[in-house]
Structure formats: structure tokens, C-alpha cells
Amino acid sequence: MQHKATEQTRLIGELYSSHRGWLQGWLRKKIGCLHQAADLVQDTFVKLLSSANLPALREPRAYLLVIASHLMIDHYRRRKLEQESLQTMAVLAEDALAASPEEQAATRQLLGETLHVLARELGDKPCRAFLMARVDGMSYAEIAAALGVSESSVKQYLSKALAYCHARLYTHD
């Protein structure tokens, strides 16, 4: 089993060396951002590394395009979800500023309760990452350092938190 894993890692290394530049160029044209393209290339190869079995690839570029395309779609979905959540929060904040002192106090209390629910239901790290990003304005790198995790984990935590908030805001019982 160890030999198979080593062989798979070697094959992925060869794929990376042979196709990383091409894939990054393709993604850059699609996304328009070199840094996001580089992140998606890394995510593509991490996904390959985490797969149990790498199939025999007759068309490695086509295989890489499929994986990268799925990751790109997920990226756009997360970004859209984040934008919708931020718009909702902005509307709530505007409403709170125009409200009476009693309404502002009620909004602060609701926000506090929401954060407690968020921490309890999401878990510590996703909640902390969300607060560091949205309240403290920290970058992914700063959050990763503070939490002792990778930037990829921070992205996953924020995605999870935003998806959760979106679902709670827009799902009615």
C-alpha cells in the first residue's frame, strides 16, 4: 500500500511539473486574477493528492480542467454567497443606525445571541475566523497565523460560516 501511495505522489508531482503553468494560465484567463488562479491550481493538486486512487490518465489536461472547473464553480458560489451575506449585513447595519436607541439595543442583543448560536453550532474555529475577517478586518494569512491553520482552512471556515449564516437568514421554518 505504501508503494502505491508513493507512486501516486510521484505521478502527481510529474503532473504538477508538466501542467501547472498551463493550468494556471488557463485559470487566469477565466478568472482574471493571477493570485486566485494560483490558489485554484494548488487546490486542484491538493484534491488530487487527497484522492484515494488516481485513474490512468490518457488526457491529463482534460482531467485537470474538470477538477479545476469544479473548484472554480465552488469559488464563485462561495463568493456570491459571501456578497449576499455582506449585503444583508449592510442592510441590517443601516437599519440599526436609523433605529431608535431601544431598537439599537435590541439589534445589539440579537447580534450577541446570533454570535453565541454561531459559535455553538458552527464550532470555535469557523466562528473565530468569521469574526476576525468580518469584525477585525484581518486577512486570510493573519487569521491562519492566529488560529494556527492554513489559509486554505481559513477559506473553508469562512465559507462554512457564510453558508451557515445565509441558510439561517433565508430559511424559514
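What counts as what
- Residues numbered from 1 in each chain as written.
- Predicted model: local features only at pLDDT ≥ 70, side-chain atom pairs only at ≥ 80, totals over all residues.
- Heavy atoms only, no water.
- Helix = DSSP H or I, 4+ residues; strand = E, 2+ residues; numbered from the N terminus.
- Buried < 20%, exposed > 50% of the residue type's maximum accessible area, 1.4 Å probe, protein only.
- Contact = heavy atoms within 4.5 Å.
- Areas by Shrake-Rupley, 256 points an atom, 1.4 Å probe, with all protein chains shown as cover.
- Salt bridge = Lys/Arg side-chain N within 4 Å of Asp/Glu carboxyl O.
- Phe/Tyr/Trp six-rings, centres within 6.5 Å; stacked < 30°, edge-to-face > 60°.

Quick notes on the overall build of the protein chain
For step 1, the next point in the chain: A count of helices and strands for the protein chain gives seven helices and zero strands.
For step 2, the next point in the chain: Reading the helices (α) and strands (β) of the protein chain from amino to carboxyl end gives α-α-α-α-α-α-α.
For step 3, the next point in the chain: Sorting the 173 residues of the protein chain into buried and exposed places 28% on the buried side.
For step 4, the next point in the chain: Partitioning the intrachain contacts of the protein chain with sequence separation of at least 6 by distance along the chain shows that 60% fall at a separation of at least 24.
For step 5, the next point in the chain: Accessible surface for the protein chain amounts to roughly 11,400 Å². Of this, 56% is attributable to carbon and sulfur atoms.

A word on the environment of alanine 144
For step 1, the next point in the chain: Counting through the fold element by element, alanine 144 comes out in helix H6 (residues 140–147).
For step 2, the next point in the chain: Using a relative accessible area of 6% as the deciding quantity, one classes alanine 144 as buried.
For step 3, the next point in the chain: Here alanine 144 is in contact with Val149, Ser150, Glu151 and Val154, once residues within four sequence places are set aside.

Quick word on the pattern of salt bridges
For step 1, the next point in the chain: For the coordinates displayed, the defined rule picks out three salt bridges.
For step 2, the next point in the chain: For the salt bridge of aspartate 124 with arginine 128, the shortest nitrogen-to-oxygen distance reads 3.3 Å. Here aspartate 124 pairs with arginine 128, and both are found in helix H5 (residues 124–134), just four residues apart, close to one helical turn.
For step 3, the next point in the chain: A relative accessible area of 48% means that aspartate 124 is categorised as partly exposed.
For step 4, the next point in the chain: Since its relative accessible area comes to 34%, arginine 128 is described here as partly exposed.

Here we look at the packing of aromatic side chains
For step 1, the next point in the chain: For the structure shown, the criterion picks out one aromatic pair.
For step 2, the next point in the chain: Relative to phenylalanine 45, the ring of tyrosine 16 lies with its centre 5.0 Å away and its plane at 80 degrees, an arrangement referred to as edge-to-face. Of this pair, tyrosine 16 sits in helix H1 (residues 2–31) while phenylalanine 45 sits in helix H2 (residues 34–50), placing them 29 residues apart in sequence.
For step 3, the next point in the chain: A residue is classified by how much of its surface remains accessible, and phenylalanine 45, at 4% relative accessible area, is buried.

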